[in-house]
Amino acid sequence: MAVISAVLSGCTPEENQAELPAFDGRRAFAEVESLVRFSPRDAGTPEGWKAAKHIHKRMESFGIATDMDTFTDMTPDGEKTMINVIGTYPGKTKRWIILGSHFDTMPGIGNFQGANDSGSSTGILLELARMLGESKITPEVGIIFAFFDGEEGIADYIPGDGLHGSRHMARQLAESGDHKKIDAMILLDMVGDKDLQFTIPYNSSRELVQTVFEAAHATGHRERFSLSRSVITDDHVPFLQIGIPAIDLIDFRFGTAPGLNDIWHTASDNLSSISAESLEITGSVALEVVRKLAMTPDDG
């Protein structure tokens, strides 16, 4: 509880000094390359903890106040110790948005890098954090960078399986009342596929779907986004459950041919399955969403 309450009461950075540059997919790809050195990084394992420490170190190097929130949770394989990494970039108001990614990998897969499934989204969030930290821009609304541990379910997401880090953070926010300060939660997951086609799940907040579609149009990528009829169990769900508008930016067709998802949770999910171009597309749209939600004054 103390971690979330502390980060939401941080001080405000300096006033705006510069405009943000264009998102650089090559930098994001380099972040993914660095992360997958810790592979596999299953929740509750030494490599998972090393990955969390790596993310924390990177965030602090960008000048972003960052905490490591260590917690224990029960899984179908017993109790495990996991680590959420939470960075905060305060704005002019006491309002916040959350940008989320998980960094853990699916257990039981040999030689698994998870370059797309956890690596791509984490690389993009790290690059966004670097851009903000170096810009010294003060947004209207503060930005929380949430890197979740324990997203992967190992028993088909039965109650208590998977989403451990996001459920832990949502519980903290609800118990402290800080969930009332959160305007939106934007989750990125599996966003580096070379054949990038977003399938936003039906269980996403409609106002955020519209915001994302507008951002995609503004950046010239609207044709890559569609609203799926499917409901997806992902790290945005615990935030929806406590009343925070949330959306999942995901390409759930990660396959060897259009429409397939046969690379997902296989050893083929490695650096050769993602591209800097796709990371740049995703990062550009995410950056435009941040501009719309956090950097535009609320005239109301």
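Owing to the predicted nature of the structure, the values given are computational and were not obtained by experimental measurement.

Considering the pairing of strand 1 (residues 65-75)
Consideration 1: When strand 1 meets strand 2 (residues 78-89), the two strands line up antiparallel, connected through eleven bridges. Among the inter-strand pairings, Met-68 is bridged to a residue of strand 2, identified as Val-85.
Consideration 2: Counting the residues that bridge the hairpin from strand 1 to strand 2 gives two residues.

Points about the sheet that holds strand 1
Two orientations exist for strands paired in a sheet by backbone hydrogen bonds: parallel and antiparallel.
Consideration 1: Spatially, the six strands line up as an open sheet ordered 1-2-4-3-5-8, and their pairing is mixed. Of all the strands in the sheet, just strand 1 and strand 8 (246-250) have a single pairing partner and so form its edges. In this sheet, neighbouring strand axes are inclined to one another by 20° on average, regardless of whether the strands run parallel or antiparallel.
Consideration 2: Pairing between strand 3 (residues 96-102) and strand 4 (residues 142-148): seven bridges, direction parallel. Bridge pairing in strand 4 links Ile-98 to Ile-144.
Consideration 3: The sheet contacts of helix 8 (residues 276-294) involve strand 3, strand 4 and strand 5 (182-189), and relative to strand 5 the element is tilted by about 180°.

A closer look at the environment of Thr-75
Consideration 1: Position of Thr-75 among the secondary structure elements: in strand 1.
Consideration 2: Excluding its chain neighbours within four sequence positions, the residues that come into contact with Thr-75 are Lys-80, Met-82 and His-164.
Consideration 3: Polar side-chain contacts of Thr-75 include one of 2.7 Å to the backbone oxygen of Gly-78.

Points about the nonpolar core
Consideration 1: By size, the foremost hydrophobic cluster in this structure holds 58 residues, and its most contacted members are Leu-128, Ile-143, Phe-145, Phe-147 and Ile-186.
Consideration 2: Ignoring any residue separated from it by four or fewer positions in sequence, one finds Phe-147 in contact with Ile-55, Met-59, Ile-83, Asn-84, Val-85, Ser-101, Phe-103, Thr-122, Leu-125 and Leu-126.
Consideration 3: In this structure, Leu-8, Trp-96, Met-169 and Ile-242 belong to the second largest nonpolar core, which totals 17 residues.

Describing the packing of aromatic side chains
Consideration 1: Taken as a whole and judged by the stated rule, the model has three aromatic pairs.
Consideration 2: Aromatic side chains Phe-252 and Trp-264 sit 4.9 Å apart centroid to centroid with 70° between the ring planes, which places their arrangement in the edge-to-face category. Placement of Phe-252 in the loop between strand 8 and helix 8 and of Trp-264 in the loop between strand 8 and helix 8 is noted, with a sequence separation of twelve residues between them.
Consideration 3: One cation-aromatic arrangement involves Arg-206 over Tyr-202; the distance from NZ or CZ to the ring centre is 4.2 Å.
Consideration 4: The ring of Phe-213 has Arg-222 sitting right over it, with the charged end atom 3.8 Å from the ring centre.

Some remarks on the side chain of Asp-248
Consideration 1: Within the element layout of this structure, Asp-248 appears in strand 8.
Consideration 2: Not counting the four nearest positions on each side in its chain, Asp-248 is found in contact with Leu-187, Asp-189, Ile-200, Pro-201, Ser-204, Ile-232, Asp-234 and His-236.

Thoughts on the pairing of strand 3
Consideration 1: Counting buried positions over the seven residues of strand 3 gives seven, a clear majority of the element.
Consideration 2: In the sheet, strand 3 pairs with strand 5 via five bridges, with the strands oriented parallel. Counted as the bridge partner of Trp-96 is Ile-182 from strand 5.

A look at a nonpolar patch on the surface
Consideration 1: Together, Tyr-202, Leu-227 and Val-231 give the surface a local cluster of nonpolar side chains, amounting to about 290 Å² of exposed area.
Consideration 2: Topologically, Tyr-202 is positioned in the loop between strand 6 (198-200) and helix 6 (206-218).
Consideration 3: With a relative accessible area of 46%, Tyr-202 lands in the partly exposed category.

Quick notes on the environment of His-164
Consideration 1: Mapped onto the fold, His-164 is located in helix 5 (residues 164-176).
Consideration 2: Residue His-164 is classed as buried on the basis of its relative accessible area of 2%.
Consideration 3: Separated by 89 residues in the primary sequence, His-164 and Thr-75 have C-alpha atoms spaced 8.7 Å apart.
Consideration 4: At 3.1 Å, the side chain of His-164 forms a polar contact with the side chain of Arg-167.

Concerning the pattern of salt bridges
Pairing is possible between side chains of opposite charge, provided their charged atoms come close.
Consideration 1: All told, the structure shown has twelve salt bridges when counted by the stated rule.
Consideration 2: The partner of Glu-31 in a salt bridge is Arg-58, with the nearest N and O atoms 2.7 Å apart. Linking Glu-31 in helix 2 (residues 25-35) with Arg-58 in helix 3 (residues 46-61), this pair joins segments that are 27 residues apart in sequence.
Consideration 3: Relative accessible area serves as the criterion here: at 6%, Glu-31 is assigned to the buried category.
Consideration 4: According to the relative accessible area criterion, Arg-58 is partly exposed, its value standing at 28%.
Consideration 5: Ionic pairing is found between Glu-140 and Lys-92, a salt bridge with its closest N-O pair at 3.3 Å. Linking Glu-140 in the loop between helix 4 (115-135) and strand 4 with Lys-92 in the loop between strand 2 and strand 3, this pair joins segments that are 48 residues apart in sequence.

Conventions adopted
Residues numbered from 1 in each chain as written. Predicted model: local features only at pLDDT ≥ 70, side-chain atom pairs only at ≥ 80, totals over all residues. Heavy atoms only, no water. Pairing = 2+ DSSP bridges. Helix = DSSP H or I, 4+ residues; strand = E, 2+ residues; numbered from the N terminus. Axes fitted to C-alpha atoms, helices over the stretch in contact; angles between N-to-C directions. Contact = heavy atoms within 4.5 Å. Polar contact = N/O pair within 3.5 Å; in protein donor to acceptor, adjacent residues only side chain to side chain. Core = buried A, V, L, I, M, F, W, Y, C linked by side-chain atoms within 4.5 Å. Buried < 20%, exposed > 50% of the residue type's maximum accessible area, 1.4 Å probe, protein only. Phe/Tyr/Trp six-rings, centres within 6.5 Å; stacked < 30°, edge-to-face > 60°. Lys NZ or Arg CZ within 6 Å of the ring centre and 35° of its normal. Patch = residues over 30% accessible without salt bridge, like charges linked within 9 Å, V, L, I, M, F, W, Y side chains within 5 Å. Areas by Shrake-Rupley, 256 points an atom, 1.4 Å probe, with all protein chains shown as cover. Salt bridge = Lys/Arg side-chain N within 4 Å of Asp/Glu carboxyl O.

By themselves, these observations are geometric and do not establish any function.
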